[in-house]
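This is what each chain is made of:
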Amino acid sequence: MSLLKLAWRYLWAQPLTAGLNLMLLSLGLAAITFVLLVSEQIEAGVRRDLAGIDLVVGAKGSPMQIMLAGVFHLDVPTGNIPLATLETLLAQPLVARAVPLSLGDSLRGYRIVGTTPDYLDLYRARPGEGRLWQRPLEAVLGAEVARKTGLKLGDRFAGSHGLGGRGDAHDEQAYTVVGILEPGGTVLDRLVLTDLTSVWAVHEAHHEIHEEDRQITMALVSYRSPLAAISMPRWVNAQEGLQAAAPALETARLLRMVGAGSEVLRGFGAVLLLAAGLSVFVALLHSVRARQSDLAMLRMLGAPPWRVGVLVSLEALILAGLACLLGLALGHGLTALLGQVLAAQQSLRISGAWLSPWEWGVPLLALGLALAAAAWPAWAAFRLDVTELLQAPR
Amino acid sequence: MLAVIELRGLRYRYAQGAEMAFVDLKLAPGQHLLLRGASGSGKSTLLALMAGLLTPAEGQVVMSGQALQELNPRQRDAWRGEHLGFVPQRLHLSAALTVRGNLALPYVAAGLRPDGQRCDELLEQLGLAAVAERLPHQLSVGQAQRVALARALVRRPRLLLADEPSASLDDANTAQVLDLLLQAAYEQGATLVLATHDARVIQRSASFTLRVLP
């Protein structure tokens, strides 16, 4: 039997106390792990989806809504803008690229986006199977869409009116799957891409619309120079019916809002950890008092004071070690659960398998907490008066 | 022959300032000493001085030629672990450990790997083999006393100290424990120091050198 095994036996000699402390510590560490994993993945996802998009131009409305609808495809757009806006934007010397997006329909909740191949270039995406669209009503599926719907190359499907997937189906205007994108971990995984004319064709089946009346939902603009960030939004907002949304600013605002929630959860985790630390401290102090004769006997049997102190500290360290494993597992499990919920809502991609470079902080935190909680009880054990063993019954 | 333990001019000063002087003693290997005296006569203090747990105000405790006061605390701890066996008045068996676990404690205390063969041998010798995996609360009084004795003997000490070993025992168990102490000390060639004021023990201690503490 080693000192570690002895500490293990002593710890579990009071299973209720040990179990409660383990639970408190694990929950605190799990909460902190969960916040860490989720906030990092949201930030990484946001950074990926923003790839090269400097400005989103949509119909007048909330810039945040335009950015959420245009970049992350999470919100409904504010309306449509004239197709001619695209030409106007491209005519600006500070604009390097303007990618049109036309929304309106969906396939089982996944948005059908009319666009140009430039949209794929933004994310350096390419078909893993098949090819890009070449004529109207040819569609390329994002990797997640293909996986979840089971559609394969050559299959045909009809889009539903609206973005929620519950609208009437455009049965007479079916799309053919000609390509499936490689999974890239970006918003494209959750989209059905086709060309602009397809979206128009579906919606103009029963009434003809002149070229000059055609509309798109928004345009994703890339600047030629960072200087454009100062003048372009102002210029766009000055145009009738147009609203500029700077994704960098809006996502910073969004992350601040998400961050506030994270702070609350992190604070909750910290309170749990503090409660756990205090509980471990009280349990160890009580245990040192209750086992005073055991510890004094160890001293009598030749254990130096530091070994008795280490024995008490080991109990806290065992708890911390177990709590660390459980907390990390629980944190990853909860993240995976959230990922499943979000996946069912076709929202952000969050994975329980994500490893954060800051996760090493969790064992460090547990270790620090254990050592802080054990310090005083270990000192009490260190200073134990062994001669009490030789006294008459207490 | 070199004395196992020798007390020279020993005086101890209590925290309240009272001082107690002890007679000189010299115990050879295998010799038995009975410290007799009423409660408060200094029996436990003398045992603590012999164990190197208390520091005398004057005089020396010499163990196999080595004065304990000349050792630093770490060396005294190591010496106690290696050469001293102790049977306390209250047995102080660890409630969290089985009988076998309690026997392993002296090794853990010294940072050593327990000697399983030695533990088995003692368990067999003291009739504890059948209860080796039981916890202390599952033992009879007599069995628990034997476990405390086995724990004191497991590292083959040269000096065996027993403080009121019969305090909570009936006549039969008192006789058995005393026989076991003597037998174990004899078999290991250990010097035995027994502190008691129990008349039942005193009656059966013909083989002991007697020291009466005032």
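Throughout this document, residue positions are counted from 1 along each chain, in the order its sequence is written. The naming scheme follows written order: chains are lettered A onward, ligands numbered 1 onward. Residue-level local features of this predicted model are given only where pLDDT is at least 70; pairs of side-chain atoms are given and counted only at 80 or more, and the full residue set underlies all totals for whole chains, interfaces and linings.

Moving on: the overall build of chain A. A count of helical and extended segments in chain A gives 12 helices and 13 strands. For 394 residues, the compact-globule formula gives about 21 Å, and the C-alpha radius of gyration of chain A, at 30 Å, lies well above that figure. For the C-alpha atoms alone, the extent of chain A along its principal axes is close to 105 × 45 × 30 Å. Taking all 394 residues of chain A together, the buried fraction comes to 42%. Throughout, a pair of residues is in contact if the C-beta atoms placed from their backbones lie within 7 Å. Excluding contacts between residues fewer than 6 apart, the proportion of contacts in chain A whose partners are at least 24 apart in sequence is 78%. Numbering goes from the N terminus for both helices and strands, where a helix is a DSSP run of H or I of at least four residues and a strand is a run of E of at least two. Throughout, the radius of gyration refers to the C-alpha atoms, and the reference size of a globule is 2.2 Å times the residue count to the power 0.38. Any residue whose C-beta has 12 or fewer other C-beta atoms within 10 Å is treated as exposed, any with 20 or more as buried, and any in between as partly exposed, C-beta atoms being built from the backbone.

Residue and element names in this part refer to chain A. One way to put it is that helix α2 (residues 15–49) packs onto helix α11 (residues 305–344) with a least axis distance of 7 Å and a crossing angle of 45°. Here α2 is positioned oblique relative to α11, judged by the angle of their axes. Here the hand of the crossing between α2 and α11 comes out right-handed. Each residue gets one of three labels, nonpolar for Ala, Val, Leu, Ile, Met, Phe, Trp, Tyr, Cys and Pro, charged for Asp, Glu, Lys and Arg, and polar for the others, Gly among them. Grouping the constituent residues of the contact of α2 with α11 by class yields 18 nonpolar, 7 polar and no charged. Axis definition: a line fit to C-alpha positions, over the contact stretch in the case of helices; interaxial angles, taken between N-to-C directions, run 0 to 180 degrees. The cut-offs work like this: below 35 degrees is roughly parallel, past 145 is roughly antiparallel, 65 to 115 is roughly perpendicular, and the gaps in between are oblique. Crossings are assigned a handedness: left-handed for a near helix turned anticlockwise from the far helix by less than a right angle, right-handed for a clockwise turn.

Residue and element names in this part refer to chain B. Of all 5 residues that make up strand β8 (residues 159–163), 5 are buried, and the element is covered over most of its length. Of the two faces of β8, both are covered, the one formed by Leu159, Leu161 and Asp163 as well as the one formed by Leu160 and Ala162. Bridge count for strand β7 (residues 84–87) against β8 is 4 bridges, and the pairing is parallel. Following the sheet pairing, Leu84 is matched in β8 by Leu159. The pairing of β8 with strand β9 (residues 191–196) spans 5 bridges and is parallel. Directly across from Asp163, in β9, lies its bridge partner Ala195. Strands are treated as partners if at least two bridges between them are detected by DSSP.

What follows deals with helix α1 (residues 3–12) of chain A. Of the residues making up α1 of chain A, those classed as buried are Leu6, Ala7, Tyr10 and Leu11 of chain A. Along α1 of chain A, the residues classed as buried sweep out an arc of 135° about the axis, all on the same side. Against the buried residues of α1 of chain A lie α2 and α11 of chain A together with α3 (99–109) of chain B. Directions are taken from the helix axis to each C-beta atom, and the arc is the one they span.

What follows concerns the interface of chain B and chain A. Every contact between the two is made by 31 residues of chain B and, on the other side, 24 residues of chain A. If you list the elements that add at least two residues to the side of chain B that touches chain A, you get α1 (43–50), α2 (73–83) and α3 of chain B. Partitioned by chemical class, the residues of the side of chain B that touches chain A number 17 nonpolar, 8 polar and 6 charged.

Looking now at the nonpolar core. Counting 116 residues, the largest nonpolar core has Leu319 and Ala366 of chain A together with Leu149, Ala150, Leu161 and Leu181 of chain B as its most contacted members. Setting aside residues no more than four positions away along its own chain, Ala366 of chain A makes contact with Leu25, Leu29, Ala320, Ala323 and Cys324 of chain A. In this description, a nonpolar core means buried residues of the types Ala, Val, Leu, Ile, Met, Phe, Trp, Tyr and Cys, linked to one another by C-beta atoms lying within 7 Å.

This part is about the pairing of strand β10 (residues 191–195) of chain A. Residue and element names in this part refer to chain A. The buried fraction of β10 is high, at 5 of 5 residues. Here β10 shows two buried faces, one formed by Leu191, Leu193 and Asp195 and the other by Val192 and Thr194. Bridging between strand β6 (residues 138–141) and β10 involves 3 bridges; their strand directions are antiparallel. Within β10, the residue paired with Val140 across the bridge is Leu193.

The subject of this paragraph is the domain arrangement of chain A. Delimitation of the domains relies on an automatic or database domain assignment. The domains assigned to chain A are domain 1 (3–46 + 259–390) and domain 2 (55–245). Each of domain 1 of chain A and domain 2 of chain A has a C-alpha centre, and the two are 49 Å apart.

Once that is clear, we can look at α1 of chain B. Residues and elements named next belong to chain B. Within α1, 8 of the 8 residues are buried, which leaves it mostly tucked inside the rest of the structure. Every buried residue of α1 is accounted for by Lys43, Ser44, Thr45, Leu46, Leu47, Ala48, Leu49 and Met50. Phi turns positive one or two residues past the end of α1, at Gly52, with a value near 75°.

Residues and elements named next belong to chain B. The contact between α3 and helix α5 (residues 141–153) brings their axes to 8 Å, and the two run at 30°. Classified by the angle their axes make, α3 and α5 are roughly parallel. Considering the relative orientation of α3 and α5, their crossing is right-handed. Here Val99, Asn102, Leu103, Leu105 and Pro106 of α3 come into contact with α5, specifically with Val147, Ala150 and Arg151. When grouped by side-chain class, the residues that make up the contact of α3 with α5 number 6 nonpolar, 1 polar and 1 charged.

Residues and elements named next belong to chain B. Tracing the backbone through its elements, the reader meets Leu10 in strand β1 (residues 5–13). By C-beta crowding, Leu10 is classed as buried, having 22 other C-beta atoms within 10 Å. Linking Leu10 and Pro157, residues 147 residues apart in sequence, is a C-alpha distance of 23 Å. With near-sequence residues (within four places) excluded, Leu10 lies in contact with Phe22, Leu49, Pro56, Gly59 and Val61.

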